[in-house]
Amino acid sequence: MLKKKLKILMASAEIAPFAKVGGLADVVGSLPPALKKLGCDIRLVMPLYGSIDREKYGLKKIGSGIEIYFGSGIAKINLWQAKLPGTSVIAYFIEHAAYFAAKEIYAKKNNAERFLFFSLACLYILPTVKFKPDVIHCHDFHTALIPNLLKVSSYEYFKNIKTLFTIHNLNYQGKTEIEVLSTGNLTKDSLKSLTQDARDGDINFMVQGVLNSGLINTVSPTYAKEITTSFYGASLDNIIKKRKNDLCGILNGIDVKIFNPQKDKFIKQKYSVGSLNKKTLNKLFLQKQFGLPENKGIAVIGIVSRLAWQKGFELITEEIVKNLDCQFAVLGTGQPKYEKQLRQITKKYPDKFSAQIKFDIKLAQQVYAGSDMFLMPSRFEPCGLGQMIAMRYGAVPVVRAVGGLADTVSDFGFRISDPASRCGASFGFKISDLQNATGFVFKKFDLDSLYQALERALFVYYEKPKDWRQLRINGMKKDFSWGNSAKEYLKLYKKLI
Ligand code: GLC
């Protein structure tokens, strides 16, 4: 326990279970209780979107008509409060209809403006709730201008508040017209970093967060290294390099209370390492849910994902589906072109491939519980939570060696052309023995590499059932809870103050 309670405010556009699009929500919804356990006074703040169920989560209004002075005048906000479900962590919600009444977290346009307003509001509510944080922990571009706002403010209350900026995804940068700055009472002359940024005609929120926050981290050690290269740096590698001494990677955890096959209420049959055979019932149920032939003998490959460029759906082709002896159960929503592609494959190979184009938390957990393998062929992956959840549910991940996938999945290293030898090295992987291996990893982002990885996995699944069982057990026994990572975050907070 800490001697003095560290006060932390975490500001995020998404927090599970209140409002979620992707992994950002899961992280901000599950890291705080672990920090609380370590003795932090941690509070959360997010916008009150129209989709947030006030009754279900017991939101209470704690402030009305709080005035925010900004560019074009005075805006009024209401402030609501609730506890993060199942915990004692306080979450604040900023109500401002003009920006947040819609159900969607992300609007078609003006996101930079909406979230700059939110960032400003995060500061304005502090005196009202009488909370002066030691550190404001900002997440992704949406809250990346909080450090700027603190730097330019002369308000005594904000003095000495430090900032940590966590990058969950460098590719969403919040590029916007310079005029939007006025929403935060800023101009291009407010800070040197803004003047420089404005030279190319726009302002990039991500750039500002990187340059102005006290410390920066990404959500896995490998991604922290990758983003200093031109290949993964999303055109910001040179900016990131300027701060490389203040940058580190901390692996995400998952909420092991929610993702627990022994207790999961959403799945057909609960099971554990000791009763792995019961997983078969979940598999048959999954096949039924997805309209696939119910056959416990065939390998089922699960995918749960946002359908975005990052996730590598170009590699999920008809050819792969046609040639491999397995079934695919795919769940996700996102870019229309990927939705279309998945619908087309479903139509063409209804006995082997089934995609449900929706966001469905319950069905997602059923996919993890019912699949034999879990596929993530990502182009880049800052951390990735799906592979960890899959391992916890005894589904063996097949992943590309990038970012957090490389940090969490250990390759079995089995070569199909020479089944007697574990010669992962010839694929360019480190050889991992059966004691430690948890999945199948491929390096290059191309069809051949994915195909080979799936072939290797299917070979072990069909021909080496004992090894397969061990792989699943290895994954299920891994500790993906937040304990260790929360300690790393605590170290960063302490370094800041
Ligand atoms: C983003 C990243 C994903 C990461 C998540 C939580 O969604 O794309 O890799 O796991 O944020 O940090």
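Residues numbered from 1 in each chain as written. Predicted model: local features only at pLDDT ≥ 70, side-chain atom pairs only at ≥ 80, totals over all residues. Heavy atoms only, no water.

Engineer: Please clarify how the domain arrangement of the protein chain should be interpreted in this entry.
Structural biologist: Where the parts come together, the accessible area they lose is often given as the size of the interface. Domain annotation of the protein chain identifies domain 1 (7-253 + 482-496) and domain 2 (273-476). Each of domain 1 and domain 2 has a C-alpha centre, and the two are 33 Å apart. For the pair domain 1 and domain 2, the summed buried area comes to about 1300 Å², and 62% of that belongs to carbon and sulfur atoms. Scanning the region where domain 1 abuts domain 2 turns up zero salt bridges. Taken together, domain 1 and domain 2 are joined by seven residue pairs in polar contact (both at pLDDT 80 or more). Residue contributions to the side of domain 1 that touches domain 2 peak at four residues, all from helix α7 (residues 221-226). Taken together, the residues that form the side of domain 1 that touches domain 2 break down as seven nonpolar, nine polar and three charged. (Domains from an automatic or database assignment. Buried area = accessible area lost by both parts, 1.4 Å probe. Salt bridge = Lys/Arg side-chain N within 4 Å of Asp/Glu carboxyl O. Polar contact = N/O pair within 3.5 Å; in protein donor to acceptor, adjacent residues only side chain to side chain. Helix = DSSP H or I, 4+ residues; strand = E, 2+ residues; numbered from the N terminus. Nonpolar A, V, L, I, M, F, W, Y, C, P; charged D, E, K, R; others polar.)

Engineer: I would appreciate a short explanation of the sheet that holds strand β7 (residues 162-167) in the present structure.
Structural biologist: To summarise the sheet geometry, strands pair through backbone hydrogen bonds and adopt either a parallel or an antiparallel arrangement. Pairing within the open sheet is mixed, and its nine strands lie in the order β3-β4-β5-β2-β1-β6-β7-β10-β11. In this open sheet, the two strands that pair with only one neighbour each are β3 (60-70) and β11 (247-249). Across the sheet, the mean angle separating the axes of adjacent strands is 25 degrees when strand polarity is ignored. Summarising the sheet, strand β10 (residues 215-218) and β11 pair through three bridges and their orientation is parallel. Within the sheet, the bridge partner assigned to N217 lies in β11 and is C248. Taken strand by strand, helix α17 (residues 483-496) contacts β1 (7-11), β6 (135-139), β7, β10 and β11, and its axis lies near 145 degrees from that of β7. (Pairing = 2+ DSSP bridges. Axes fitted to C-alpha atoms, helices over the stretch in contact; angles between N-to-C directions. Contact = heavy atoms within 4.5 Å.)

Engineer: Sorry if this is basic, but what is going on with a nonpolar patch on the surface here?
Structural biologist: A cluster of nonpolar side chains, contributed by F266, F359 and I361, occupies part of the molecular surface with about 280 Å² of accessible area. With respect to the helices and strands, I361 occurs in helix α12 (residues 361-370). Exposure remark for I361: the relative accessible area of 44% places this residue in the partly exposed category. (Patch = residues over 30% accessible without salt bridge, like charges linked within 9 Å, V, L, I, M, F, W, Y side chains within 5 Å. Areas by Shrake-Rupley, 256 points an atom, 1.4 Å probe, with all protein chains shown as cover. Buried < 20%, exposed > 50% of the residue type's maximum accessible area, 1.4 Å probe, protein only.)

Engineer: I'm lost on the site of the ligand in this one. Help?
Structural biologist: Taken together, the neighbourhood of the ligand is formed by 14 residues, with H168, N252, Q310, E381 and G384 sitting nearest. Contacts to the ligand include N252, whose side-chain N or O atom sits 2.8 Å from an oxygen atom. Between the ligand and C383 there is a distance of 3.0 Å, counted from an oxygen atom to a backbone nitrogen or oxygen. Here the ligand has 310 Å² of accessible area as a free molecule, and 95% of this is covered by the chains. With three residues, helix α1 (residues 23-37) is the largest single contributor of residues to the shell around the ligand. (Near = heavy atom within 4 Å.)

Engineer: Just to check I follow, could you spell out helix α15 (residues 447-463) for this structure?
Structural biologist: A turn of α-helix holds 3.6 residues, and therefore any two residues three or four places apart point the same way. With 17 residues, α15 extends 23 Å from end C-alpha to end C-alpha; this agrees with the ideal 24 Å at 1.5 Å per step. What α15 keeps buried is the set S449, L450, A453, L454, R456, A457, L458, V460 and Y461. (Expected span 1.5 Å × (residues − 1).)

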